[in-house]
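Breakdown of the fold
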Amino acid sequence: MTDKAKRFPLTLSSVVDQKSKADHSKRVIATPQTATKNAAWDSSRPAPRTAAGAAPTPPASKPMARPAQTASHVDRSGSMVSDGVRKAMVDRVARQGVNDAKVLAAMEAVPRHMFMEPGLSSQAYIDASLPIGHHQTISQPYIVARMIEIMRDNQQGGVLNRVLEIGTGCGYQAAVLSLVAKEVYSIERIKPLHELARSNLRPLRIANIRLHYGDGMLGLPQVAPFDGIILAAAGLEVPQALLDQLTIGGRLVAPVGSRHQVLQLIQRTSKFDWTSTTLEDCHFVPLRAGTV
Ligand code: SAH
């Protein structure tokens, strides 16, 4: 894809049909991100060089290029960016086990650095969660890709009409979701972050995202049902309201737990039945009730 072709608004066709770079034999499990710790960093000072919370990589994999040193041009927002660095991030996510070509293409298309404050944008493509203010983080690239891949692995061959994200944060995952689903709804409970996401997404002119300010634990009953729901924050259990807002056949992916968290996949099999599968370990900021 050319640089120009990667700019938003993107057509879905611009991110499909790319061959996955994944190698099944190199799959690694459990990539804890230290989201809570990272959320507590003072975002005005640089994040540690050795990405705390970075996912373990297979021994054979190469270390990722340092973004600031390989930046190739300056974009509209004035940040140093490099398509090569973003590509390296996606290759790394693939080596960590994400196979879904459409998800990898979406990760390659979304300019992650545009969701960070300028002081941190040179770190945008390391494999770590990073602070976005208000004690919250932008999620680690691997986990963003992995959750979307799990959600897409449905009976409809990955087709997702309407999806819901709980925990918009800076809006990054919503932007990635906009390239794999027809309609994306995302809820954030912290007003300034809801507004931050709005301003981050505005220049990308993505037509199929609707941002809501509110308590995501209640979902969006007025818009439900959803083919997929992703929680970007960890609760001790998944709220029943969200389970009720899944389509039959729909898939919800959520981190569950407090200190020790696991990724859970919940599938709705009938009006009154759901199945739950525990996947890998993960680490997210907490899911909290109410709004601030
Ligand atoms: N999706 C983000 C990650 C944001 S971090 C990304 O693209 O990187 C998780 C977010 O969930 C935080 O902004 C936090 O405020 C939010 N959150 C926690 N509990 C919530 C709730 N009940 N409703 C909505 N948002 C919630």
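Residues numbered from 1 in each chain as written. Predicted model: local features only at pLDDT ≥ 70, side-chain atom pairs only at ≥ 80, totals over all residues. Heavy atoms only, no water.

As for helix α5 (residues 141–152)
Along its 12 residues, α5 runs 17 Å from first to last C-alpha, staying within 8% of the 16 Å computed at 1.5 Å per residue. Within the span of α5, buried status applies to Pro141, Tyr142, Ile143, Val144, Ala145, Arg146, Met147, Ile148, Glu149, Ile150, Met151 and Arg152. (Helix = DSSP H or I, 4+ residues; strand = E, 2+ residues; numbered from the N terminus. Expected span 1.5 Å × (residues − 1). Buried < 20%, exposed > 50% of the residue type's maximum accessible area, 1.4 Å probe, protein only.)

What to know about the sheet that holds strand β5 (residues 162–166)
Spatially, β7-β6-β5-β8-β9-β10-β11 is the arrangement adopted by the seven strands of the open sheet, whose pairing is mixed. With one partner strand each, in any of the chains shown, β7 (209–213) and β11 (273–282) form the two edges of the open sheet. Across the sheet, the mean angle separating the axes of adjacent strands is 15° when strand polarity is ignored. When strand β10 (residues 261–270) meets β11, the two strands line up antiparallel, connected through eight bridges. Bridging from a neighbouring strand, Val262 pairs with Asp281 of β11. On the sheet, α5 packs against β5, β8 (226–231), β9 (246–257), β10 and β11 and is oriented at approximately 150° with respect to β9. Sheet strands in contact with helix α7 (residues 191–201) are β6 (183–188) and β7, and its direction is about 160° off that of β7. (Pairing = 2+ DSSP bridges. Axes fitted to C-alpha atoms, helices over the stretch in contact; angles between N-to-C directions. Contact = heavy atoms within 4.5 Å.)

Some words on the environment of Gly158
Tracing the sequence through the fold places Gly158 in the loop between α5 and β5. With relative accessibility at 4%, the residue Gly158 sits in the buried group. Filtering out sequence-adjacent residues up to four positions away, Gly158 remains in contact with Arg152 and Val180.

Points about the site of the ligand
Of all residues adjacent to the ligand, which total 26 residues, the nearest are Ser139, Glu165, Glu188, Gly216 and Arg288. Between the ligand and the protein, one listed contact pairs a nitrogen atom with a side-chain N or O atom of Asp215 at 2.9 Å. At 2.6 Å from a nitrogen atom of the ligand is found a main-chain nitrogen or oxygen belonging to Arg288. For the ligand, whose accessible area on its own is 580 Å², the fraction buried by protein is 99%. The element contributing the most residues to the shell around the ligand is strand β4 (residues 136–138), with three residues. Looking at side-chain class alone, the shell around the ligand contains 12 nonpolar, nine polar and five charged residues. (Near = heavy atom within 4 Å. Polar contact = N/O pair within 3.5 Å; in protein donor to acceptor, adjacent residues only side chain to side chain. Areas by Shrake-Rupley, 256 points an atom, 1.4 Å probe, with all protein chains shown as cover. Nonpolar A, V, L, I, M, F, W, Y, C, P; charged D, E, K, R; others polar.)

Concerning the packing of helix α3 (residues 83–95) against helix α4 (residues 101–109)
Here α3 crosses α4 at 155°, and the two axes come no closer than 9 Å. In terms of their interaxial angle, α3 and α4 are classed as roughly antiparallel. Crossing of α3 against α4: the hand is right-handed. For the pair α3 and α4, the contacting residues are Arg86, Lys87, Met89, Val90, Val93 and Ala94 in the first and Leu104, Met107, Glu108 and Ala109 in the second. Class assignment for the residues of the contact of α3 with α4 results in seven nonpolar, no polar and three charged. (Parallel < 35°, antiparallel > 145°, perpendicular 65-115°, else oblique. Left-handed = near helix turned anticlockwise from the far one by under 90°.)

Quick word on the packing of α4 against α5
Contact geometry of α4 with α5 gives a least axis separation of 9 Å together with a crossing angle of 145°. The two elements α4 and α5 cross, and the hand of that crossing is right-handed. Along its contact with α4, which presents Lys102, Val103 and Met107, the element α5 presents Pro141, Val144, Ala145, Ile148, Glu149 and Arg152. Looking at the contact of α4 with α5, its residues break down into six nonpolar, no polar and three charged.

Here's the deal with the pairing of β8
Judged by how many residues are buried, β8 sits mostly within the fold: six of six residues are covered. The pairing of β5 with β8 spans four bridges and is parallel. Bridging across to β8, Val163 finds its partner in Gly228. When β8 meets β9, the two strands line up parallel, connected through four bridges. Paired with Gly228 across the bridge in β9 is Arg251.

Shape descriptors only; they carry no functional weight alone.
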